[in-house]
Amino acid sequence: MKKIQEIIEKEAPLEHTLNLKDLIGIRVISKRGKVVGKVSQFRLNANNMEIEGILVSRGIFKKPFYVGKSYLKQISNDAIILNIEPANLLKGIKVVTSDGKILGKVKEVIRKGDTNIVEGIVVSSLFKKRKTIKASFIERLGQSIILKPNYHVAEKYSTETFR
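Going along each chain's sequence as written, the residues are numbered from 1 onward. Totals for whole chains, interfaces and linings use every residue, but because this is a predicted model, local features are given only for residues with pLDDT of at least 70 and side-chain atom pairs only at 80 or more, for both listing and counting. The basis for every side-chain value is the complete set of heavy atoms in the structure, and neither hydrogens nor water enter the calculation.

**Brief notes about the confidence of the model for the protein chain**
- On average, the protein chain scores 88 in pLDDT, and the residues at 70 or more come to 92%.
- Counted against residues more than four places away or in other chains, residues 153-163, with its pLDDT under 50, gives 18 contacts. The predictor attaches a confidence to each residue, called pLDDT, with possible values from 0 through 100. In this analysis, two residues are considered to be in contact whenever any of their non-hydrogen atoms come within 4.5 Å of each other.

Here it is as structure tokens:
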């Protein structure tokens, strides 16, 4: 193969760059190591020609989502690693009180604008009304969402929205 002639001034040489075409379809991994989808698109800023973010495909029946560059930690030929756990993936997770009572599942995640900051969650179960729970009452996020022991104090206010 012939050597490629480079025309550069201050840019990295060709061998130190990534081909975006080759990165389509690679895994996107959350901060905790969970595969959240695959790259379907890279989005560039037309003015400064920098990557602004990626579109993450999650399969046939799940909505894709866009992740801005401030949430991208590392890009390699094998995967893109995020510096967050995407808040939109909390949908469908069980919500449990500190004493083990299951309140239901997350039906909606209320975020601060388009950021990954969770302001609250909307929880519903089969026979109960939907409840809006502020993020300040969330103790831990993981396989399920565990609420703080003081959640029962604000339970009577939990149907109010706070957007």
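So, next bit.
**Let's talk about the layout of surface pockets**
- Residues are said to line a cavity or pocket when one of their atoms sits within 4 Å of a point; the points come from a 1 Å grid over protein atoms alone, cavities being sets where a 1.4 Å probe fits but cannot get out and pockets being open sets with protein on both sides within 12 Å along at least five of seven lines. Grid points are joined across faces, edges and corners, and a volume is the space filled by probe spheres set on the points. Put simply, the largest pocket is a space of about 610 Å³.
- Lining the largest pocket we find 22 residues, and of these Phe65, Ala87, Asn88, Leu89 and Arg111 sit closest to its centre.
- Only β4 (65-68) and β8 (102-111) provide two or more residues apiece to the lining of the largest pocket.
- Counted by class, the lining of the largest pocket contains ten nonpolar, five polar and seven charged residues.
- A volume near 510 Å³ is recorded for the second largest pocket.
- Along the wall of the second largest pocket there are 15 residues; nearest its centre are Arg32, Glu85, Leu90, Leu141 and Gly142.
- Residue polarity is assigned by list, with Asp, Glu, Lys and Arg as charged and Ala, Val, Leu, Ile, Met, Phe, Trp, Tyr, Cys and Pro as nonpolar; anything else, Gly included, falls into the polar class. For the lining of the second largest pocket, a count of residues per class yields nine nonpolar, three polar and three charged. The secondary structure listing takes helices from DSSP runs of H or I that are at least 4 residues long and strands from runs of E that are at least 2 residues long, numbered from the N terminus.

**Side note on the sheet that holds strand β9 (residues 118-124)**
- Strand pairing is assigned whenever DSSP identifies at least 2 bridges connecting the two strands. As summarised here, the arrangement of the six strands in space is β10-β9-β8-β7-β12-β11, forming an open sheet in which the pairing is mixed. The open sheet terminates on both sides in strands that have one partner only, identified here as β10 (131-134) and β11 (138-141). In this sheet, adjacent strand axes meet at a mean angle of 35 degrees when their direction is disregarded.
- The pairing of strand β7 (residues 94-96) with strand β12 (residues 145-147) spans two bridges and is classified as parallel. When the sheet's bridge partners are listed, Val95 is paired in β12 with Ile145. In this analysis, axes come from line fits to C-alpha atoms, helices being fitted only over the stretch in contact, and the angle between any two N-to-C directions falls in the range 0 to 180 degrees.

**Quick word on the sheet that holds β4**
- Taken in spatial order, the six strands make up an open sheet running β4-β3-β2-β1-β6-β5, and their pairing is mixed. Two strands in the sheet have a free side with no partner beyond their single neighbour: β4 and β5 (72-75). Averaged over all pairs of adjacent strands, the angle between their axes in this sheet comes to 35 degrees, without regard to strand direction.
- Bridge analysis of strand β1 (residues 27-29) against strand β6 (residues 79-82) gives three bridges, and the strand direction is parallel. Each residue of the ladder has a partner; that of Ile29, found in β6, is Ile81.

**Some points on the environment of Val96**
- As for its placement among the helices and strands, Val96 is situated in strand β7.
- A residue is classified by how much of its surface remains accessible, and Val96, at 14% relative accessible area, is buried.
- When the C-alpha atoms of Val96 and Ile146 are compared, they prove to be 4.9 Å apart, with 50 residues separating the residues in sequence.
- Setting aside residues up to four positions removed in sequence, Val96 forms contacts with Lys101, Ile102, Ser144, Ile145, Ile146 and Leu147. The buried label applies to any residue whose accessible area, calculated with a 1.4 Å probe on protein chains only, is under 20% of its type's maximum; exposed applies above 50%, and partly exposed to all values in between.

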